[in-house]
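Coordinates in review
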Amino acid sequence: MDLYRRRARREARKRELARRRARGLAAVALIAVLAVVAVVALDSRGSSKGGASASVKHSLAVATPSSGARRNLAANRPSSEGTAGTTSGPLGHKSVPILMYHVINPPPTGAKFPGLYVAPEEFAAQMQALARAGFHAVTMDQMLANWTRGTPLPPGKPIVLSFDNGYQSQYTQALPVLRRLGWVGVENMQLTGLPTSQGGLSQAQISALVAAGWELDTQGLSHAELTTLDPAALHEQVSLARTKVQSRYHVPVNWFCYPSGHYNAAVVAAVKAAGYVGSTTVVPGWASPKEDSYRLPRLRVLGETSPTELLAEIAAIRTNPPPPASYEAGA
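Residues numbered from 1 in each chain as written. Predicted model: local features only at pLDDT ≥ 70, side-chain atom pairs only at ≥ 80, totals over all residues. Heavy atoms only, no water.

**Some words on the packing of helix α4 (residues 120-132) against helix α10 (residues 307-316)**
Packing of α4 against α10 brings their axes to within 9 Å, and their N-to-C directions diverge by 55°. In terms of their interaxial angle, α4 and α10 are classed as oblique. The handedness of the crossing between α4 and α10 comes out as right-handed. In contact with A125, Q126, A129 and L130 of α4, α10 contributes P307, L310, L311 and I314. Of the residues that constitute the contact of α4 with α10, the class distribution is seven nonpolar, one polar and no charged. (Axes fitted to C-alpha atoms, helices over the stretch in contact; angles between N-to-C directions. Helix = DSSP H or I, 4+ residues; strand = E, 2+ residues; numbered from the N terminus. Parallel < 35°, antiparallel > 145°, perpendicular 65-115°, else oblique. Left-handed = near helix turned anticlockwise from the far one by under 90°. Contact = heavy atoms within 4.5 Å. Nonpolar A, V, L, I, M, F, W, Y, C, P; charged D, E, K, R; others polar.)

Structural data, given as structure tokens:
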């Protein structure tokens, strides 16, 4: 019996100790909760007065990247220029025809290259025919963004309308026609282009094209024969032209257009080194996402080409092979 009582007293003492420990833990927990509530209340009052408590500041310090981290985040942020960026849909896989225009005016008497002149009414009829055939003009950047990021294109079949050499008629004649259709063009300009007195675009007109949504790319500082230049002169023509156009017109200038369509391995390497995402040639065909972006084909539109003939030419070159590795004078 005494043994039983001693065991009972020991069990009673154990239960009492357990109850005391439980009450102590509960008290500690209650104190902790009250402390948290007090801190939150103080933080709220501090925030309402324009300040922050030490605990709030600590939380912000943890959540906000340092200046160095912010720089890294900015460096890796998707870009709207070129090919960088996150995908926004299925990657585009369709080939795209790129047309090449020069002067949108009748050829004057004695013109050296009369085929490069397309009359304004002829140009307007061609654009209407393209629209009726289901085409919709896009820029080179839009085309590449669709291929590489899945950025949606406007409804219809994409087509690029490029304009070389910076002729004033591209502003006075082509722009109004494309604007009525809600279309844009691509201007391949050169820094030392035609003076306005000889039918060249003015800086104000180029800026107006950019404001109208046209893409601004370049053929270099001048219409030089790039395949004959030494490395220093080639770098100047290709790289300096890009930085100058970017600085003057505040546009990306992602594409290069080979003057007269001539290029070789050295020219392609210089274009890549200058930061362009691709280049266009004068070899007929459709641009494809499967081909080299530094050798994209184009179709030169000649004067006296009827709308029906233009549509037929576009269809006929669809399966042409890609441009060759080099295309030099006399090719």
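**Things to note about the pairing of strand β1 (residues 96-101)**
Where burial is concerned, most of β1 is hidden: six out of the six residues are buried. Burial of β1 is two-sided: the residues V96, I98 and M100 facing one way and the residues P97, L99 and Y101 facing the other way are all buried. Both β1 and strand β3 (residues 157-164) contribute to a ladder of four bridges, which runs parallel. Paired with Y101 across the two strands is F163, which belongs to β3. Note that β1 and strand β9 (residues 299-300) share two bridges and pair parallel. By the bridge assignment, L99 is partnered in β9 with L299. (Buried < 20%, exposed > 50% of the residue type's maximum accessible area, 1.4 Å probe, protein only. Pairing = 2+ DSSP bridges.)

**As for the side chain of S288**
Inspection of the secondary structure assignment puts S288 in the loop between β8 (286-287) and β9. Residue S288 is classed as buried on the basis of its relative accessible area, which comes to 11%. In this structure S288 touches S95, W147 and L296, once residues within four positions along its chain are discounted.

**Notes on the pairing of strand β4 (residues 186-190)**
Within β4, five of the five residues are buried, which leaves it mostly tucked inside the rest of the structure. A two-sided burial pattern is seen for β4, the buried positions comprising V186, N188 and Q190 on one face and E187 and M189 on the other. Bridge count for β3 against β4 is three bridges, and the pairing is parallel. Opposite F163, over in β4, you have E187 as the bridge partner. Of the pairings in the sheet, the one linking β4 to strand β5 (residues 215-220) comprises five bridges and is parallel in character. Opposite M189, over in β5, you have T218 as the bridge partner. Each parallel crossover has a hand, and the one from β4 via helix α7 (residues 203-211) to β5 is right-handed. (Right-handed = clockwise from strand over helix to strand, strands pointing away.)

**Structural notes on the nonpolar core**
In this structure, L99, Y101 and F123 are the most contacted members of the largest nonpolar core, which totals 51 residues. Element by element, the count of residues in this core is highest for helix α8 (residues 231-249), at five residues. Ignoring sequence-local partners within four residues, the contact set of L99 consists of L130, I159, V160, L161, S162, L299, V301, L310 and I314. V96, V138, M143 and W255 belong to the second-largest nonpolar core, a separate cluster that totals 13 residues. (Core = buried A, V, L, I, M, F, W, Y, C linked by side-chain atoms within 4.5 Å.)

No statement about biological role is implied by the geometric values presented.
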